[in-house]
Amino acid sequence: MRDFSARLATPEEIADWDNRVPANPNGGNVLQSAAYAEVKSHHGWNPVYVVFTCADYTSYNLVIEKKVPLLGSLWYLIKGPDAAAAEDVPAMARALGRFAKESGRRVFALKVEPDIVDGEDVRKLFREAGLVKTFNLQPNDSTALLDTTPDTEQILKNISSRARNAVRRAIREEADVRRVEPTEENMRAMYKLMSHIEDRSSARMRSYEYYRRFWSNFTAAGQGRFYFAFEDGEPSVGAFVIAYGKKGTYKDGGSKPRRKQYGDSHLVQWTALTELKEDFGIEEYDFCGTPPSSELKNKEHPHHGLGLFKTSFSKTVTDFAGCWDLVLDPLRYRIWNTIGERVTRQIYWRRHHQPFY
């Protein structure tokens, strides 16, 4: 077992954050980025930049802090900690708990969410280390991942025949698919396309202002891009994708129903991922959310349709370990867990019409 220490990042490390996070053992995560930290700072969360160190490696991780009246602070290692092995996760969490206590911060619980593949052995390890399983928060805790290390022709051969035929037909029929600039007009068009998906799912969209800040931050950092398909001169399919380190992510998407062009949504994804590979050298493309692998064939699952589309590119669904809590103050955590979290989320939604997390 590795022994970890935790500390706050220095100003120099924070200034170099987006170079350090992708150098973590698992290559970092887009939700650990400086651009995302700035977004959350405008929506009730305080970014805390944390460095874990052991004899073998150093890991840079974003913690977002929510202060809860009377209870203190909840610390959320969103898509972290970035660990070299599953057994390092509890050790890193405990190190951060010690740091919080020794620095006099009233943190009652740490929420961890590592990109460690799920399994009974992992769940047993976490439970025996004192972590408490809680509900998952991120859409890509189950997701389709596409290996983009082969050459482009081989990647096309590796995807399903359905996706491959859709891409080729859309190209043959000269579907109008292209990268577009992050203008106000295009961002509003993207949001409108996303609203069509909301109409057909159980999802709750955040406000346009939230997405505008998110998209603007990532495009300004040179990490985010918009891709549209056009039909009759109007956007019909949209995708916002991000390159962070060696990972590409299909973060947001939307489309009009009853479109005429077959394969337009597949060609949008194909264009996006191949250009991210060419321009950034991405080695993996995350389609960002499917039903869990055990629910893929369940037609009643709210994301069944999205799952079918995304797994046409990558048949295997990866289930990550999801969210676990390390309890630092049992009494305050019990209050939070029994009533505090539910009430806080309800109040936050009524005030801001935004999800709490």
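Calculation rules
Residues numbered from 1 in each chain as written. Predicted model: local features only at pLDDT ≥ 70, side-chain atom pairs only at ≥ 80, totals over all residues. Heavy atoms only, no water. Salt bridge = Lys/Arg side-chain N within 4 Å of Asp/Glu carboxyl O. Buried < 20%, exposed > 50% of the residue type's maximum accessible area, 1.4 Å probe, protein only. Axes fitted to C-alpha atoms, helices over the stretch in contact; angles between N-to-C directions. Helix = DSSP H or I, 4+ residues; strand = E, 2+ residues; numbered from the N terminus. Parallel < 35°, antiparallel > 145°, perpendicular 65-115°, else oblique. Contact = heavy atoms within 4.5 Å. Nonpolar A, V, L, I, M, F, W, Y, C, P; charged D, E, K, R; others polar. Pairing = 2+ DSSP bridges. 1 Å grid on protein atoms, 1.4 Å probe; cavity = no way out; pocket = protein on both sides within 12 Å on 5 of 7 lines; lining within 4 Å. Points joined across faces, edges and corners; volume = space filled by probe spheres on them. Core = buried A, V, L, I, M, F, W, Y, C linked by side-chain atoms within 4.5 Å. Phe/Tyr/Trp six-rings, centres within 6.5 Å; stacked < 30°, edge-to-face > 60°. Lys NZ or Arg CZ within 6 Å of the ring centre and 35° of its normal.

**Concerning the pattern of salt bridges**
- By the definition in use, this model includes 23 salt bridges.
- Across the pair Arg332 and Asp329 runs a salt bridge, and its minimum N-O distance is 3.1 Å.
- Asp329 sits in the partly exposed class, given a relative accessible area of 23%.
- Each member of the salt-bridge network shares a partner with another, and the members are Asp118, Glu120, Arg123 and Arg127.

**Points about the packing of helix 7 (residues 161-172) against helix 10 (residues 264-280)**
- Contact geometry of helix 7 with helix 10 gives a least axis separation of 8 Å together with a crossing angle of 95 degrees. One finds that helix 7 runs roughly perpendicular with respect to helix 10. Every residue of helix 10 that contacts helix 7 at Arg162, Ala163, Ala166, Val167, Ala170 and Ile171 is listed here: Asp264, His266, Leu267 and Trp270.
- For the contact of helix 7 with helix 10, the residue count by class is 7 nonpolar, 1 polar and 2 charged.

**Regarding the sheet that holds strand 10 (residues 234-244)**
- The strand order across the open sheet formed by 7 strands is 8-9-10-11-12-7-13, and the pairing between neighbours is mixed. Strands with a single pairing partner mark the edges of an open sheet, and in this sheet they are strand 8 (176-180) and strand 13 (317-319). Across the sheet, the axes of successive neighbouring strands diverge by a mean angle of 30 degrees, strand direction being ignored.
- As defined by bridge partners, strand 7 (residues 142-147) adjoins strand 12 (residues 284-286) across 3 bridges and the pair is classed as antiparallel. Bridging from a neighbouring strand, Leu145 pairs with Asp286 of strand 12.
- Lying on the sheet, helix 9 (residues 208-220) is in contact with strand 9 (224-231), strand 10 and strand 11 (247-255); it crosses strand 10 at an angle near 55 degrees.

**Structural notes on empty space enclosed by the protein**
- Applying the stated rule across the entire model yields 1 cavity of 30 Å³ or more.
- Around the largest cavity sit Val21, Asn24, Asn26, Gly28, Asn29, Gln32, Tyr60, Lys79, Pro81, Asp82, Asp115 and Lys247, which together line it.

**Focus on unusual backbone geometry**
- In this model, Gly80 is joined to Pro81 through a cis peptide bond whose omega is 5 degrees.
- In this fold, Pro81 is placed in the loop between strand 4 (72-77) and helix 4 (88-102).
- Its identity as a non-glycine residue notwithstanding, Leu70 has a phi of 75 degrees, on the positive side.
- Within the secondary structure layout, Leu70 lies in the loop between strand 3 (58-68) and strand 4.
- If you check the backbone angles, Cys288 has positive phi at about 60 degrees while not being a glycine.
- Among the secondary structure elements, Cys288 is positioned in the loop between strand 12 and helix 11 (304-310).

**Brief notes about the sheet that holds strand 3**
- In spatial order, the strands read 1-2-3-4-5-14-6; together these 7 strands make up an open sheet with mixed pairing. Two strands close off the open sheet at either side, each with one partner strand: strand 1 (5-8) and strand 6 (131-133). Sheet twist, expressed as the mean angle between neighbouring strand axes with direction ignored, is 30 degrees.
- Alignment of strand 5 (residues 107-112) against strand 14 (residues 324-327), held across 4 bridges, turns out to be antiparallel. Within strand 14, the position partnered with Ala109 by the bridge is Val327.
- Against the sheet, helix 12 (residues 330-352) touches strand 3, strand 4, strand 5, strand 6 and strand 14, its axis set at about 70 degrees to strand 5.

**Looking at the nonpolar core**
- Counting 47 residues, the largest nonpolar core has Trp215 and Trp336 as its most contacted members.
- Residue contributions to this core peak at 6 residues, all from helix 9.

**Some thoughts on the packing of aromatic side chains**
- What the rule picks out here adds up to 26 aromatic pairs.
- When the ring of Tyr285 is compared with that of Phe287, the centres are 4.9 Å apart and the planes differ by 85 degrees; the resulting orientation is edge-to-face.
- In this structure Tyr285 comes out as buried when scored by relative accessible area, which is 0%.
- Judged by its relative accessible area of 0%, Phe287 falls in the buried class.
- Aromatic pair Phe356 and Tyr357: ring centres 4.9 Å apart, planes at 85 degrees, arrangement edge-to-face.
- On the basis of relative accessible area, Tyr357 is assigned to the buried category, the value being 6%.
- Residue placement shows Lys111 over the ring face of Phe135; its charged tip is 5.8 Å from the ring centre.
- In this structure, Arg206 is placed above the aromatic ring of Tyr210, and the distance from its NZ or CZ to the ring centre is 4.5 Å.

**Re the layout of surface pockets**
- In this structure, the second largest pocket occupies an estimated 210 Å³ of space.
- For the second largest pocket, the full set of lining residues is Lys66, Lys67, Val68, Pro69, Val343, Thr344, Ile347, Tyr348, Arg351, His352 and Phe356.
- Breaking the lining of the second largest pocket down by element, the ones donating at least two residues are strand 3 and helix 12.
- Class assignment for the residues of the lining of the second largest pocket results in 6 nonpolar, 2 polar and 3 charged.

**Things to note about the side chain of Thr134**
- Counting through the fold element by element, Thr134 comes out in the loop between strand 6 and strand 7.
- Under the relative-accessibility criterion, Thr134 is labelled buried at 13%.
- The contact partners of Thr134, leaving out residues within four places of it in the chain, are Lys111, Cys323, Trp324 and Asp325.

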